[in-house]
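# Descriptive analysis of the structure
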Amino acid sequence: MQFQSFSLTFYKNDEKIYENTYKNLALANNIFRFNLFDFDTILNIQEQYFIRENEEYIFKLDIKNNSSSLKLKAEDLEFYIIVDLCDLKIQNNIIILEYVIETDDFKNKIVIEKSEE
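What comes next is a walk through the structure. What you see is a predicted model; the values in this text were computed from it and never measured. (Residues numbered from 1 in each chain as written. Predicted model: local features only at pLDDT ≥ 70, side-chain atom pairs only at ≥ 80, totals over all residues. Heavy atoms only, no water.)

Now for the sheet that holds strand β7 (residues 67–72). Across the sheet, which stays open at both edges, the six strands sit in the order β3-β4-β5-β6-β7-β8 with antiparallel pairing between neighbours. What marks the edges here is a single partner per strand, and that holds for β3 (31–36) and β8 (77–81). Between one strand axis and the next, the sheet turns through 15° on average, direction left out of account. For strand β5 (residues 49–53) and strand β6 (residues 57–62), the ladder comprises five bridges, and the chain directions are antiparallel. Across the sheet, residue Arg 52 finds its bridge partner in β6, namely Phe 59. (Pairing = 2+ DSSP bridges. Helix = DSSP H or I, 4+ residues; strand = E, 2+ residues; numbered from the N terminus. Axes fitted to C-alpha atoms, helices over the stretch in contact; angles between N-to-C directions.)

See the structure below:
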């Protein structure tokens, strides 16, 4: 699945927090890379993982195995975080990732939809 352009919407507990359209990105099949709240963010559909990274830490959600971790870069420490909910849906030209981790009191939802060029 490859989208040259896509719209991304981010929700917390079903409240829309962010929306943007990304255009003319050179994306590999099944991999979406974008900036979300100053985090380099990757959603890999084929390998089924989601990563958010900034200068301080790397958060990785392993969708396939329903697990997650947070690595503090400066301290070189990694913590494993319980995943309460993790669901990836692919429908036509829409990808929906929903997840809740034990350190959050809200549901994260990312919707990626193919845009017309």
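There's more to say after this.
To continue, consider the side chain of Lys 107. Position of Lys 107 relative to the elements: it lies in the loop between β10 (94–101) and β11 (108–114). Among the polar contacts made by the side chain of Lys 107, one reaches the side chain of Glu 98 at a distance of 3.1 Å. For Lys 107, the residues in contact, after removing those within four places along its chain, are Tyr 11, Lys 12, Asn 13, Asp 14, Leu 85, Glu 98, Tyr 99 and Val 100. (Polar contact = N/O pair within 3.5 Å; in protein donor to acceptor, adjacent residues only side chain to side chain. Contact = heavy atoms within 4.5 Å.)

We now examine the pattern of salt bridges. Two side chains with opposite charge may pair up if their charged atoms get near one another. Under the criterion given, the structure shown has six salt bridges. Between Asp 14 and Lys 107 there is a salt bridge, with its nearest N and O atoms 3.7 Å apart. Note that Asp 14 is positioned in the loop between β1 (6–12) and β2 (15–22) and Lys 107 in the loop between β10 and β11, a separation of 93 residues in sequence. A salt bridge links Lys 73 to Glu 53; the nearest nitrogen and oxygen atoms lie 2.7 Å apart. (Salt bridge = Lys/Arg side-chain N within 4 Å of Asp/Glu carboxyl O.)

Okay, the sheet that holds β10 next. The antiparallel open sheet is built from five strands, whose spatial order is β2-β1-β11-β10-β9. Whereas interior strands pair on both sides, the edge strands pair on one side only; in this sheet they are β2 and β9 (83–91). Pairwise comparison of adjacent strand axes, ignoring direction, gives a mean angle of 10° for this sheet. In the sheet, β1 pairs with β2 via seven bridges, with the strands oriented antiparallel. Across the sheet, Leu 8 pairs through a bridge with Asn 20, a residue of β2.

On to the environment of Glu 75, then. Looking at the element boundaries, Glu 75 is found in the loop between β7 and β8. Among the residues examined, Glu 75 registers a relative accessible area of 48% and is labelled partly exposed. Spatially, the C-alpha atoms of Glu 75 and Glu 56 are 9.4 Å apart, while their sequence positions differ by 19 residues. (Buried < 20%, exposed > 50% of the residue type's maximum accessible area, 1.4 Å probe, protein only.)

If you add up the space inside the largest pocket, you get close to 230 Å³. Along the walls of the largest pocket sit 15 residues, with Arg 52, Tyr 57, Tyr 99, Ile 101 and Asp 104 positioned nearest its centre. Broken down by secondary-structure element, the contributors of at least two residues to the lining of the largest pocket are β1, β6 and β10. When the residues that make up the lining of the largest pocket are grouped by side-chain class, the tally is ten nonpolar, two polar and three charged. (1 Å grid on protein atoms, 1.4 Å probe; cavity = no way out; pocket = protein on both sides within 12 Å on 5 of 7 lines; lining within 4 Å. Points joined across faces, edges and corners; volume = space filled by probe spheres on them. Nonpolar A, V, L, I, M, F, W, Y, C, P; charged D, E, K, R; others polar.)

Regular strands show a simple pattern: their side chains alternate between the two faces of the sheet. In this structure, β6 lies alongside β7, joined through six bridges in antiparallel fashion. Paired with Asp 62 across the two strands is Ser 67, which belongs to β7. Connecting β6 to the next strand, β7, in antiparallel fashion are four residues, including Asn 66 with a positive phi near 55°. In this structure, β7 lies alongside β8, joined through five bridges in antiparallel fashion. The partner of Ser 68 across the bridge, within β8, is Ile 81. The hairpin formed by β7 and β8 contains four residues between the paired strands, and Asp 76 there has a positive phi angle of roughly 55°.

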